[in-house]
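# Coordinate inspection notes
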Amino acid sequence: MLKIGNHNFQSRLLLGTGKYPDFETQKRAVEESEAEILTFTVRRMNIFEESQPNLLEQLNLEAYTLLPNTAGAKTASEAVRHAKLARASGLCDMIKVEVIGCERTLLPDPVETLKATEELVKEGFTVLPYTSDDVVLARRLQEVGAHAIMPGASPIGSGQGILNPVNLRFIIEQSNVPVIVDAGIGSPADAALCMELGADGVLLNTAVSSAGDPVGMAGAMKLAIRAGRMGYEAGRIPKRIVATASSPMDGIVG
């Protein structure tokens, strides 16, 4: 079971709700994924006016935990304001902190992310900060009270998979809160590797919504995450330089 703050979930797949070709595809992909947590950008939703388009209108929101994110924020104060808007609308107390510091790479601003996380923890939010694969920053975010750490595998939407598995492993090993890999996943193999390294979950959006068959990819990612977690818990064999016979040699008649 995935535990984030006071919340418990069976699924380790978190799913974004943007960039789908249409609402029906979005709905079917969400259902196929069996995700329990759905994320969306506060700035893209007019959460107070029913007359405005609702990106989640096809979904039964009572069946999911919503994870609003602060995408678009460039400072800690903007991220905090977005989080408070989401809470004022009656959404879940969880918030994904996203403060972008570089427009080209879409990498997070480490200083502003740390500031926003610390302030929102004090405000009583369950805080999940999006960060780079910086091992020291991940530790600092945990020290100020983050309820989960969300390092990117590679740049947002790039589909490059895990560029630095060593750093990701270090982040996982030092963390006492869930580590949810966020950004850059492109294939089920990438998602499975995240879980094999010991991650607690994976957040996906582009890899599913922009796939040739988003519904099929949602199902594939679901199975890959389950398989990767099972493999991690079972314990893989060590890698060896030389061959090791798979059949015992004892008792063989010469």
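All values reported here derive from a predicted model rather than from experimental measurement.

### Structural notes on unusual backbone geometry
Phi is positive for Glu34, which is not a glycine, with a value near 60°. Even without being a glycine, Ala183 presents a positive backbone phi close to 95°. Within the secondary structure layout, Ala183 lies in the loop between strand S9 (180–182) and helix H6 (188–196). Its relative accessible area of 10% is what places Ala183 among the buried residues.

### Remarks on the side chain of Arg12
In this structure, Arg12 sits in the loop between strand S2 (7–9) and strand S3 (13–16). The side chain of Arg12 is buried and forms no salt bridge, while Asp200, the nearest opposite charge, is found at 4.1 Å. Engagement of the side chain of Arg12 in a polar contact is seen with the backbone oxygen of Asp200, the distance being 2.9 Å. Excluding anything up to four places from it in sequence, Arg12 contacts Met1, Leu2, Met195, Asp200, Gly201, Val202, Ile225 and Arg229.

### Quick word on the packing of helix H4 (residues 135–143) against helix H5 (residues 165–174)
Relative orientation of the contacting elements H4 and H5 amounts to 25°, with a least axis distance of 9 Å. With respect to H5, the axis of H4 lies roughly parallel. The handedness of the crossing between H4 and H5 is right-handed. Between H4 and H5, the residues in contact are Val135, Ala138, Arg139 and Gln142 and Asn167, Phe170, Ile171 and Gln174, respectively.

### A look at the packing of helix H1 (residues 23–33) against helix H8 (residues 214–234)
Look at H1 against H8: their axes get within 8 Å of each other, and the N-to-C directions meet at 15°. Relative to H8, the element H1 is oriented roughly parallel. Crossing handedness for the pair H1 and H8: right-handed. Residues Thr25, Arg28, Ala29, Glu32 and Ser33 of H1 touch H8, and the partners they reach there are Pro214, Val215, Ala218, Gly219 and Lys222.

Analysis parameters
Residues numbered from 1 in each chain as written. Predicted model: local features only at pLDDT ≥ 70, side-chain atom pairs only at ≥ 80, totals over all residues. Heavy atoms only, no water. Helix = DSSP H or I, 4+ residues; strand = E, 2+ residues; numbered from the N terminus. Buried < 20%, exposed > 50% of the residue type's maximum accessible area, 1.4 Å probe, protein only. Lys, Arg positive; Asp, Glu negative; His and termini not counted. Salt bridge = Lys/Arg side-chain N within 4 Å of Asp/Glu carboxyl O. Polar contact = N/O pair within 3.5 Å; in protein donor to acceptor, adjacent residues only side chain to side chain. Contact = heavy atoms within 4.5 Å. Axes fitted to C-alpha atoms, helices over the stretch in contact; angles between N-to-C directions. Parallel < 35°, antiparallel > 145°, perpendicular 65-115°, else oblique. Left-handed = near helix turned anticlockwise from the far one by under 90°.

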